[in-house]
Amino acid sequence: DAVDPRALTEDLGDDNIKAARYGIANLKRVVPQIVKWTTTGEAGQNYDDASNLYGAVLGQWNRFMYHVLTSVGGIYVDNTNVGSGKKTYTFVEKDRQRDAVKFLIDEAFTYPEWLYDADVTNYTYMVQNTPVGRIEQAPSFLLSNYQSHLLWDLLSNERLIRMIENEAHNGKDAFTAVEMADMLHKGIFRSTLQGRKPDVRERNMQKNYVDALIIAACERQGVKDGVALREDNAMFATLPGADADFMPCGHRNAMGEQTCAGRTLNFYSTQANRVSDAISVKRGELMKIRTLLKGQRNHPDTASRYHYNDLLMRIN
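In short, a report on the structure. All of these numbers come straight from a predicted model, not from anything done at the bench.

**A few points about the side chain of His67**
Part 1 of the reasoning: Topologically, His67 is positioned in helix α3 (residues 48-69).
Part 2 of the reasoning: Taking the relative accessible area as the measure of exposure, His67 reaches 6% and is therefore buried.
Part 3 of the reasoning: Excluding anything up to four places from it in sequence, His67 contacts Leu8, Thr9, Glu10, Asp11 and Asn16.

Okay, structure coming up:
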């Protein structure tokens, strides 16, 4: 949910994409050594220690993805004073947002074989000891979940509305929601656009993308079936008489102490969602995918044909 990519837990440096690439390079050195580094030599040792370390690597990889994702639709938020001449709100640069989407396509939406087909997966999955027994989660299952949540968050209306606001303010200098959708389309449907047979990982990713678009485009705000009320706690601090301890950085409480509560930039409401381009962009992308796949209904490869017809049925 973060808006300012400079203010993230466990992020390092002033370039989240560069930092994530360094981080991934480190993880690529760790992964081949997981079994060796967790081997104690004790008789009867199982692979639970290797599982724990592998799980930590997966979690760190996912954290890098989210550090980068924050740049998309991001806004730099500064604590400014009258007379400083410094802007309080500045949209993240177009090139940086574009680079962030490319990073996600390359590192998360293109199958990360080095991480999910690693040697450690021949010996252990992600192990959870629960009251109902031992659950061993396959890496492919975890990746599908990671990709789903990344896509849902990338396509969230809150993020797209900020991108649309950026376009309204900055025109051609803004990275638009349509440009992002076009990049995702070309990256995720690359094999289809090139006339190649998508492999099972690519088919899974394409389904994940279409599923995220369908969920996002079928929100009740897109159909006039009643208006839901939204509670917004961020409004509390703006009300007369609100407790000063809840005020953003730069304000002082009754004791004269500077307080630093969280700041929420609110571009979003039920009505703003209903009339924005956010749902239009996602429905437009679904229609674009449908047009592409209509020409693939008689694909010579049986699995591909089933896959494309399934996607068409879902979209329809």
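**Some details on the packing of aromatic side chains**
Part 1 of the reasoning: Going through the model one piece at a time under the given rule, you end up with 4 aromatic pairs.
Part 2 of the reasoning: With a centroid separation of 5.7 Å and 80° between ring planes, the pair formed by Trp61 and Tyr116 is classed as edge-to-face. Of this pair, Trp61 sits in helix α3 while Tyr116 sits in helix α5 (residues 113-116), and the two are 55 residues apart along the sequence.
Part 3 of the reasoning: According to the relative accessible area criterion, Trp61 is buried, its value standing at 0%.
Part 4 of the reasoning: Ring geometry for Phe189 and Tyr209: centres 6.4 Å apart, planes at 55°, overall tilted. Separated by 20 residues along the polypeptide, Phe189 in the loop between α8 (177-188) and α9 (190-193) and Tyr209 in helix α10 (residues 200-217) bring together distant segments of the chain. Take Phe189 and Tyr209: they sit in the same class, and that class is buried.
Part 5 of the reasoning: Site record: aromatic cluster; members linked through ring pairs are Trp61, Tyr116 and Tyr146.

The rules we used
- Residues numbered from 1 in each chain as written.
- Predicted model: local features only at pLDDT ≥ 70, side-chain atom pairs only at ≥ 80, totals over all residues.
- Heavy atoms only, no water.
- Helix = DSSP H or I, 4+ residues; strand = E, 2+ residues; numbered from the N terminus.
- Buried < 20%, exposed > 50% of the residue type's maximum accessible area, 1.4 Å probe, protein only.
- Contact = heavy atoms within 4.5 Å.
- Phe/Tyr/Trp six-rings, centres within 6.5 Å; stacked < 30°, edge-to-face > 60°.

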